[in-house]
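# Close look at the chain arrangement
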Amino acid sequence: MSCGKPHATDCRDVLEKVYTYLDGELDEGNCADIRVHLDECSPCLEEYGLEQVVKQLIAKHCGCDKASEDLRARVLSRIDQVRSELTG
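Reference entry: report on the structure contained in this document. This is a predicted model, so every value here is computed, not measured. (Residues numbered from 1 in each chain as written. Predicted model: local features only at pLDDT ≥ 70, side-chain atom pairs only at ≥ 80, totals over all residues. Heavy atoms only, no water.)

### Thoughts on the overall build of the protein chain
We count it as follows: Put simply, DSSP marks the helices as runs of H or I at least four residues long and the strands as runs of E at least two long, and each gets a number from the N terminus on. The quantity called the radius of gyration is restricted to C-alpha atoms. Its globule counterpart is 2.2 Å times the number of residues to the power 0.38. Working definition: with a 1.4 Å probe on protein chains only, accessible area under 20% of the residue-type maximum means buried, over 50% means exposed, and in between means partly exposed. Any two residues whose heavy atoms approach within 4.5 Å are treated as being in contact. For every accessible area listed, the method is Shrake-Rupley and the probe measures 1.4 Å; residues are considered covered only by the protein chains on display. The sign given to each residue is positive for Lys and Arg and negative for Asp and Glu; His and the chain ends receive no count. For the purpose of locating charges, the reference atoms are NZ of Lys, CZ of Arg, CG of Asp and CD of Glu.
Across its full length, the protein chain holds four helices and zero strands. When the helices and strands of the protein chain are read in sequence order from the N terminus, they spell out α-α-α-α. Relative to a compact globule of 88 residues, whose C-alpha radius of gyration would be 12 Å, the protein chain shows 20 Å and is clearly more extended. With respect to the three principal axes, the spread of C-alpha positions in the protein chain is 60 × 30 × 20 Å. Buried positions account for 18% of the 88 residues belonging to the protein chain. Taking the intrachain contacts of the protein chain between residues at least 6 apart in sequence as the baseline, contacts between residues at least 24 apart amount to 55%. Surface exposure of the protein chain reaches about 6700 Å², of which carbon and sulfur atoms provide 53%. Charged side chains in the protein chain number 11 positive and 18 negative. The centres of these two groups are separated by 7 Å.

### Some thoughts on the pattern of salt bridges
Inclusion rule: By convention in these notes, a salt bridge is any Lys or Arg side-chain nitrogen within 4 Å of a carboxyl oxygen on Asp or Glu.
For the coordinates displayed, the defined rule picks out three salt bridges. D70 serves as the salt-bridge partner of R74, at 3.3 Å between the closest nitrogen and oxygen. Residue R74 and its partner D70 are located together in helix α4 (residues 69–87), separated by four residues, close to a single helical turn.

Structure follows, in structure tokens:
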């Protein structure tokens, strides 16, 4: 996607990095570039807003579920079994 207007950071570059930006995993230089771009590019800002809402919904509805103790025990047991097989 590109809005067709010239920017210091291309629309495609911004949208490729939006998840990394939302996750707080970009260095400050890239974050600043993306913030400047979003301030001046309404199509990317709209896309960013949509991506942010989707991430928030997923985190709200999927991020809080804890595995049951039974499932946790089975997974840890299987990990131990595989480790034994690999080292044995």
